[in-house]
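Read off the chains here:
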Amino acid sequence: MNDQTLMTLLEHTADQTPVGPAPLAEIARGARRRQQRRLVLQTASSALVGLVLLTGALTLAKGHSQGNGVTHQPVTHPNQGKLGPHALRIDGTWKVHALVAPNGTSALPRRDRDRMSLTFHNGHMTGSTTCNTITGRYIQSGPKGQDLKFLSRSLTTTLVGCAGEPPLLATLRQVRHLSKANGEHYLHADNWMILVELSPSKSH
Amino acid sequence: MDEEFADYAAARWPRLVRSAVLLGCTPADAEDLVQGVLERCVRKWSRVRAADNRDAYVHRMLLHAFVSSRRRRWTGEVPAAVVPERAADDALTRVDDADVMAHALDRLSADHRAAVVLRYYAHLTEHQMAAALGVAPGTVKSRLSRALQELASDPHLNDLRGMQ
């Protein structure tokens, strides 16, 4: 088979695939989100370093101080840890815009973006994977509300079998932190790697 | 978005998607893959623009993305020497040359298939292919040579050549 014949055959084969116009707006949005994620990761890394340094400094200070008899009672809510007055709030309904697998790759095909949702209210979470309903309880804590953890035993799902369902429940089990940037909320693993990107639903 | 990039992306989108399909993606996955590649190109546009051949540079990104996606999605499929008949073929009363070519590509290994697509559809030179595949130019030559031997021995392609 000569080169020209092979080229012609490949062109004909390729032409069988109908292709619409380039989704330029989506490409631009996707590029912006990638940039934002990079910024969040960099910020989170810096915050983590700062937190470690601060914790170290506080530990040293505590070692020097024997306490002055003043204790501060944390403000607690059912299923909530300590939350400062300016803490991040996760209450409300969010769309799952991105899901990240443990190896850092996307676990959510583009066509499923924003099709799953999570609703948070006072320590209770309900969600929809478009196929199944999930529920669970969570604890949010930290002075800035930056720590968030789902209680593993409380996480349940209906068991409708659907092919290709994204691993939302398994991912939520890994969540330990919460952050916010440019109107989006992010759920992070223990090492601050982004696991879930939440975008506001229309109800926000 | 840079206007030059927008023009480039709009012009190259169909060919890149079809390259991904020829490499082995479904059309939906191909669009996802190419969209992801172009999103990365937005950030790297100055580098893409400065490359000797922009298409070669972007095809290299496409190939890397394709290989990564395959690693993530490996489902235990093992390439068979004989591809099972597709149900749609039974309904066809005429041999469609595009379908024959698609079957022939399916029978190639991933490396050989990529070599054929990059050379004969993306029109990369041997050196550009070597850079895209991360191998020496000599390896590119031998992969192409073996791929062409396999295609030459494909009975359905032989029938097609006899009909042309």
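Residues numbered from 1 in each chain as written. Chains lettered and ligands numbered in written order. Predicted model: local features only at pLDDT ≥ 70, side-chain atom pairs only at ≥ 80, totals over all residues. Heavy atoms only, no water.

Take the overall build of chain B next. Of regular secondary structure, chain B possesses 10 helices and zero strands. Ordered by position from N to C terminus, the α and β elements of chain B give α-α-α-α-α-α-α-α-α-α. In chain B, of all internal contacts separated by at least 6 residues, the share reaching a separation of at least 24 is 61%. When the accessible surface of chain B is summed, it comes to about 8600 Å², and 51% of that surface belongs to carbon and sulfur atoms. (Helix = DSSP H or I, 4+ residues; strand = E, 2+ residues; numbered from the N terminus. Contact = heavy atoms within 4.5 Å. Areas by Shrake-Rupley, 256 points an atom, 1.4 Å probe, with all protein chains shown as cover.)

All names here are of chain A. Structurally, Ser-154 can be placed in the loop between strand S5 (147-150) and strand S6 (156-157). A polar side-chain atom of Ser-154 sits 2.6 Å from the main-chain carbonyl oxygen of Leu-151. Among residues more than four places away in sequence, those in contact with Ser-154 are Thr-135, Gly-136 and Arg-137. (Polar contact = N/O pair within 3.5 Å; in protein donor to acceptor, adjacent residues only side chain to side chain.)

Residue and element names in this part refer to chain B. Closest axis-to-axis distance for the helix H7 (residues 110-120)/helix H9 (residues 137-152) pair is 9 Å, and the angle between their directions is 95 degrees. Our classification of the angle between H7 and H9 gives roughly perpendicular. Only Arg-143, Leu-144, Arg-146, Ala-147, Leu-148, Glu-150 and Leu-151 of H9 make contact with H7, whose side of the interface consists of Asp-111, His-112, Ala-115, Val-116, Arg-119 and Tyr-120. Taken together, the residues of the contact of H7 with H9 sort by class into seven nonpolar, one polar and five charged. (Axes fitted to C-alpha atoms, helices over the stretch in contact; angles between N-to-C directions. Parallel < 35°, antiparallel > 145°, perpendicular 65-115°, else oblique. Nonpolar A, V, L, I, M, F, W, Y, C, P; charged D, E, K, R; others polar.)

Counting from both sides, the interface comprises 40 residues of chain B and, opposite them, 35 residues of chain A. Carbon and sulfur atoms supply 65% of the area buried between chain B and chain A, which totals about 3200 Å² over both sides. Our count for the contact surface shared by chain B and chain A stands at five salt bridges. The salt bridge involving Arg-111 of chain A is made with Asp-29 of chain B; its shortest N-O contact spans 4.0 Å. There are nine residue pairs in polar contact (both at pLDDT 80 or more) connecting chain B and chain A. Breaking the side of chain B that touches chain A down by element, the ones donating at least two residues are helix H1 (3-23), helix H2 (27-43), helix H6 (97-107), H7, H9 and helix H10 (155-163) of chain B. Of the residues contributing to the side of chain B that touches chain A, the split by class is 25 nonpolar, four polar and 11 charged. (Buried area = accessible area lost by both parts, 1.4 Å probe. Salt bridge = Lys/Arg side-chain N within 4 Å of Asp/Glu carboxyl O.)

As a further point, take H1 of chain B. Each full turn of the α-helix corresponds to 3.6 residues, which orients residues three or four apart in the same direction. All names here are of chain B. Its 21 residues place the ends of H1 29 Å apart at the C-alpha level, agreeing with the 30 Å of an ideal helix rising 1.5 Å per residue. Its axis deflected by about 50 degrees at Arg-12, H1 carries its strongest bend there, up to four residues before the proline Pro-14. Among the residues of H1, the N-terminal cap falls to Asp-2, whose side-chain oxygen and the backbone nitrogen of Glu-4 are separated by 2.7 Å. In the stretch just after H1, Gly-24 is the one whose phi turns positive, near 135 degrees. (Expected span 1.5 Å × (residues − 1). Bend = angle between axes of the 7 residues up to and from the residue.)

A separate point is unusual backbone geometry. Across residues other than glycine, the phi torsion is negative in most instances, and most of the peptide bonds are trans. Despite not being glycine, Trp-192 of chain A has its phi angle at roughly 75 degrees, a positive value. With respect to the helices and strands, Trp-192 of chain A occurs in the loop between strand S8 (184-188) and strand S9 (194-200).

Next up on the list: the nonpolar core. Counting residues in hydrophobic clusters, the biggest one holds 58 residues, and the most contacted among them are Leu-10 of chain A together with Val-34, Leu-38, Met-101, Val-116, Leu-118 and Leu-151 of chain B. No other element matches the 10 residues that H1 of chain B contributes to this core. The residues contacting Leu-38 of chain B, other than those within four sequence positions of it, are Ile-27 of chain A together with Phe-5, Ala-9, Trp-13 and Leu-16 of chain B. (Core = buried A, V, L, I, M, F, W, Y, C linked by side-chain atoms within 4.5 Å. Buried < 20%, exposed > 50% of the residue type's maximum accessible area, 1.4 Å probe, protein only.)

This next bit is on the pairing of strand S7 (residues 177-181) of chain A. On a regular strand, one side chain projects to one face of the sheet and the next to the other, so that they alternate. Residue and element names in this part refer to chain A. With respect to burial, S7 is a largely interior element, four of its five residues being buried. Judged from the five bridges that link them, S7 and S8 form a sheet pairing that is antiparallel. Bridge assignment links His-177 to a residue of S8, and that residue is His-188. The hairpin turn running from S7 into S8, its antiparallel successor, is two residues long, and Asn-182 in that turn takes a positive phi close to 50 degrees. (Pairing = 2+ DSSP bridges.)

A few words now on the pattern of salt bridges. For the coordinates displayed, the defined rule picks out 16 salt bridges over all chains. A salt bridge links Glu-184 of chain A to Arg-33 of chain A, with the shortest nitrogen-to-oxygen separation between them at 3.3 Å. A residue pair is termed long-range when its members are at least 10 positions apart, and Glu-184 of chain A in strand S8 and Arg-33 of chain A in helix H2 (residues 24-64) qualify at 151 residues. The residue Arg-111 of chain A makes a salt bridge to Asp-32 of chain B at a minimum N-O spacing of 4.0 Å.

All names here are of chain B. With 16 residues, H9 should cover 22 Å at 1.5 Å per step; its first-to-last C-alpha distance of 22 Å lies within 8% of that length. For H9, every residue scored as buried is listed here: Val-140, Arg-143, Leu-144, Ala-147 and Leu-151. Viewed along the axis of H9, the buried residues span an arc of 100 degrees, placing them on a single side of the element. Facing away from the buried side of H9 by over 90 degrees, the exposed positions are Lys-141 and Gln-149. (Arc of directions from axis to C-beta.)

Residue and element names in this part refer to chain A. Averaged over chain A, the pLDDT score is 81; the fraction of residues at 70 or greater is 86%. Of all secondary-structure elements in chain A, the lowest mean pLDDT belongs to H2, at 80, while strand S2 (residues 116-121) reaches the highest, 93. Segment residues 66-81: pLDDT under 50, and 19 contacts once partners within four positions in sequence are set aside and those in other chains are kept. (pLDDT = per-residue confidence, 0-100.)

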